[in-house]
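Below are the chains, spelled out letter by letter.
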Amino acid sequence: MTCTVLVGGFFGDEGKGKIASYLAIKDDMDANVRTGSVNAGHTVVWGDITYKLRMIPSGFVNPKTKLYLAAGCNVNPSIFLEEVKLTKVEGRIWIDRQASVIEPIHIERDRSEGGRIGTTGQGVGPAQEDRVKRIAKLVSEIDYLKPYLDDVALRVNEILDRGGKVLLEGTQGTYLSLIHGTYPYVTSRDTTASAICSEVGIGPKRVDDVIVVFKSYVTRVGKGPLKGELSEEEVRRRGWMEIATVTGRIRRAAPFDFELARRAAILNSATQIAITKLDSLYPEAAYARKFEDLPTEARMFIEHVENEVKVPVTLIGIGPKVEDIIDRRREIL
Ligand code: IMP
Ligand code: MG
């Protein structure tokens, strides 16, 4: 059995969708469980299509992978059904009966109250508030979701018991965690590796690998501190300008933060690091197929990360597509 947890190391948008979809294919995952909610947009560039997924696990690209939404999820039923159609995963996706529902009133409340934090306005915070108050609706109360419901917690543990491979996909990043992030400028759940497991119902002894994903620079949307933040002009000049998947806002950006990375590795007990968008720092990196092919400065950057964070960098993103990855796992693990 292998249970791998994928977690964001900065403020979200590190490229978890791309890494999750690559692992689903490359490791032929038996199951991919998504946690969190629709405030997170995971981008998967597969074939000619760019998918921006807010509910469906990114590993949908492997038709043999069973897909699950965790008990900790807040489900927006219409977005869920739309994405099931878009990704054609009908028949291999299930939602835990204990997941809760985002209702129109939550979205209204988020849009009127969320400005102070700069939330995504998707209703996730208010849906979590109602869950804590124990007045939230669960997915089991919605008739048309019945065909999708299951005991996902048990199912995933059974798959591991049978020796299967499971990928738990986190959302946002370590520093947007309600508990460990830059409070109050955080999301409404703990986003660290342990919380990803608890949202699913996986105990701490079952986890084999924790892959923390960092982008080669740091971005943040919404309010809150960002050390070394660059002017919009400088962000454009460096080619780091990004538009947020869910809200269409411009992402703030800063250079790679080694201090945050070191702390993220500790909080999540990282066993591996994935670095995405190395080609944004070193354009020639896009043409490399092996670590040795990378430009010298790019290799030095990766080695610097390993020395500072004390965790091996096993996966390196060098382009937008699922398969644009240098995979060093066989060489260095
Ligand atoms: P909320 O999660 O919509 O309540 O927003 C709280 C904060 O987290 C805001 O700064 C959002 O921009 C940020 N946030 C929430 N989800 C994501 C995400 O998936 N990527 C990046 N930032 C996010
Ligand atoms: Mg995102």
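Values in this document were obtained by computation on a predicted structure and should not be read as measured data. (Residues numbered from 1 in each chain as written. Chains lettered and ligands numbered in written order. Predicted model: local features only at pLDDT ≥ 70, side-chain atom pairs only at ≥ 80, totals over all residues. Heavy atoms only, no water.)

A. Seen up close, the pairing of strand E3 (residues 42-46). Sheet topology places E3 next to strand E4 (residues 49-53); five bridges connect them, and they run antiparallel. Following the sheet pairing, Thr 43 is matched in E4 by Lys 52. Taken together, E3 and the strand that follows it, E4, pair antiparallel across an intervening segment of two residues, in which Gly 47 is found at a positive phi of about 65 degrees. (Pairing = 2+ DSSP bridges. Helix = DSSP H or I, 4+ residues; strand = E, 2+ residues; numbered from the N terminus.)

B. Spatial organisation of unusual backbone geometry. For the peptide bond that leads from Tyr 183 to Pro 184, omega is 5 degrees, which places it in the cis range. You can see Pro 184 is positioned in the loop between strand E10 (165-169) and helix H6 (193-200). The phi torsion at Gln 172 lies on the positive side, around 50 degrees, for a residue other than glycine. Considering the arrangement of structural elements, one finds Gln 172 in the loop between E10 and H6. The buried category is assigned to Gln 172, whose relative accessible area is 8%. (Buried < 20%, exposed > 50% of the residue type's maximum accessible area, 1.4 Å probe, protein only.)

C. How the structure looks around the sheet that holds strand E15 (residues 313-317). An order of E9-E7-E5-E2-E10-E1-E11-E14-E15-E16 is seen for the 10 strands of this open sheet, with the pairing classed as mixed. Unpaired on one side and paired on the other, strand E9 (149-150) and strand E16 (325-327) mark the two borders of the sheet. Helix H1 (residues 16-26) rests against strand E1 (2-8), E10, strand E11 (209-215), strand E14 (272-276), E15 and E16 of the sheet, and its axis sits at about 165 degrees to E1. (Contact = heavy atoms within 4.5 Å. Axes fitted to C-alpha atoms, helices over the stretch in contact; angles between N-to-C directions.)

D. Structural view of a nonpolar patch on the surface. On the surface, a nonpolar cluster with roughly 340 Å² of combined accessible area is contributed by Leu 178, Ile 179 and Tyr 183. Summarising the element assignment, Leu 178 is placed in the loop between E10 and H6. By relative accessible area, Leu 178 is classed as partly exposed at 33%. (Patch = residues over 30% accessible without salt bridge, like charges linked within 9 Å, V, L, I, M, F, W, Y side chains within 5 Å. Areas by Shrake-Rupley, 256 points an atom, 1.4 Å probe, with all protein chains shown as cover. Salt bridge = Lys/Arg side-chain N within 4 Å of Asp/Glu carboxyl O.)

E. Layout of the coordination of the magnesium ion (ligand 2). Protein ligation of the magnesium ion (ligand 2) involves Asp 13 (OD) and Gly 41 (O), the donor distances falling in the range 2.1 to 2.4 Å. On the criterion of sequence distance, the pair formed by Asp 13 in the loop between E1 and H1 and Gly 41 in the loop between strand E2 (31-34) and E3 is long-range, its members being 28 residues apart. Since its relative accessible area comes to 24%, Asp 13 is described here as partly exposed. (Donors = N, O, S within 2.8 Å, 3.2 Å for Na, K, Ca; no water.)

F. Structural detail: the site of ligand 1. Around ligand 1, a shell composed of 15 residues is seen, among which Asp 13, Asn 39, Thr 120, Thr 187 and Arg 249 lie nearest. Contact distances for ligand 1 include 3.0 Å between an oxygen atom and a side-chain N or O atom of Arg 249. Contact with the protein chains hides 97% of the accessible area of ligand 1, taken as 470 Å² for the molecule alone. Taken together, the residues of the shell around ligand 1 break down into six nonpolar, seven polar and two charged. (Near = heavy atom within 4 Å. Polar contact = N/O pair within 3.5 Å; in protein donor to acceptor, adjacent residues only side chain to side chain. Nonpolar A, V, L, I, M, F, W, Y, C, P; charged D, E, K, R; others polar.)

G. Structural detail: H6. For H6, the tally of buried residues reaches six of eight residues, placing the bulk of the element in the interior. On the buried face of H6, the contacting elements are E1, E2, helix H5 (152-161), E10 and E11. Following H6 by one or two positions, Gly 201 has its phi on the positive side, about 100 degrees.

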